[in-house]
Amino acid sequence: VVQVGEIKDCVNKIEINNAAAGIVADARITDIESCKNEATLKGGTVNGIAGTCSGMIINCSNTGNIEAESQGFGICKNIKEGIKDCSNSGNVTSQNGLASGIVGFASKSIVNCVNSGNITGFSEVAGVALIAGENKPILIDNCRNSGTIQLNYKNSEITYSCIAGIVCEMNYGE
């Protein structure tokens with residue numbers, strides 16, 4: 001856990017089993033800039049760069065494959081401030097849950113982000129973001145997806161599913 005500060009110019013090249021993230025699992029009040037994950041990451045909930053970030057993620061990339069049991073995200077699961085100029089070209093696979101090329105849950109902005117990796121998930125799958133907005137308007141600008149997006153049903157117990165090239169759900173509240 002990084003409480004306050006900045007994480008900058010870091011690179012992970014080592015395959016990690018039981019990984020939470022390629023760079024940092026939990027970054028509180030921290031910006032992450034110019035970091036890269038180049039290795040395959042495997043585990044329960046797996047993120048190419050960060051699990052949670054309360055600051056900004058800027059100019060980060062993931063080229064490694066993400067192999068998750070429950071949730072997999074190319075860059076970050078949960079970003080509070082925003083994510084800008086980030087890319088994912090690694091394949092993201094979630095065996096039993098959510099998967100996205102860039103971010104799972106974004107609160108304020110997603111700008112200039114690109115996914116070209118193939119994304120496969122069990123219930124919700126998106127090229128850029130699963131849920132955007134957190135009950136407030138959000139800026140999504142100049143984001144692109146060229147990867148294959150696939151929903152991988154294992155049984156008929158799913159009551160909700162979503163598949164989208166860019167964003168599954170814009171959540172503005174009531």
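The structure presented is a predicted model; accordingly, all values stated were derived computationally and were not measured.

1. Thoughts on the pattern of salt bridges
- If you walk through the whole model with that rule in mind, you get 5 salt bridges.
- In this structure, Lys13 and Glu38 form a salt bridge, with 3.9 Å as the shortest nitrogen-oxygen distance. In this pair, Lys13 sits in the loop between strand 2 (11-12) and strand 3 (24-27) while Glu38 sits in the loop between strand 5 (36-37) and strand 6 (41-47), placing the two residues 25 residues apart along the sequence.
- Residue class for Lys13 comes out exposed when judged on its relative accessible area of 60%.
- Residues Glu81 and Lys108 are paired through a salt bridge, measuring 3.2 Å at the closest nitrogen-oxygen approach. Of this pair, Glu81 sits in the loop between strand 11 (76-79) and strand 12 (82-84) while Lys108 sits in the loop between strand 16 (103-106) and strand 17 (109-111); the two residues are 27 residues apart in sequence, bridging distant segments of the chain.
- The exposure class of Glu81 is partly exposed, given its relative accessible area of 33%.
- Given a relative accessible area of 43%, Lys108 falls into the partly exposed group.
- By sharing partners, the salt bridges in this structure join Glu15, Lys42 and Glu67 into a single network.

2. Some words on the state of the cysteines
- Considering all chains together, one arrives at 1 disulfide under this definition.
- Note on cysteine connectivity: Cys162 is disulfide-linked to Cys168, with sulfurs 2.4 Å apart. On the sign convention where negative means left-handed, the S-S torsion of about -120° between Cys162 and Cys168 marks this disulfide as left-handed. As far as burial versus exposure is concerned, Cys162 and Cys168 are alike and both buried.
- The thiol of Cys53 is not disulfide-bonded; the next cysteine sulfur, from Cys76, is found 6.0 Å away.
- Looking at Cys53, the relative accessible area reads 0%, which means it is buried.

The rules behind the values
Residues numbered from 1 in each chain as written. Predicted model: local features only at pLDDT ≥ 70, side-chain atom pairs only at ≥ 80, totals over all residues. Heavy atoms only, no water. Salt bridge = Lys/Arg side-chain N within 4 Å of Asp/Glu carboxyl O. Helix = DSSP H or I, 4+ residues; strand = E, 2+ residues; numbered from the N terminus. Buried < 20%, exposed > 50% of the residue type's maximum accessible area, 1.4 Å probe, protein only. Disulfide = S-S within 2.5 Å.

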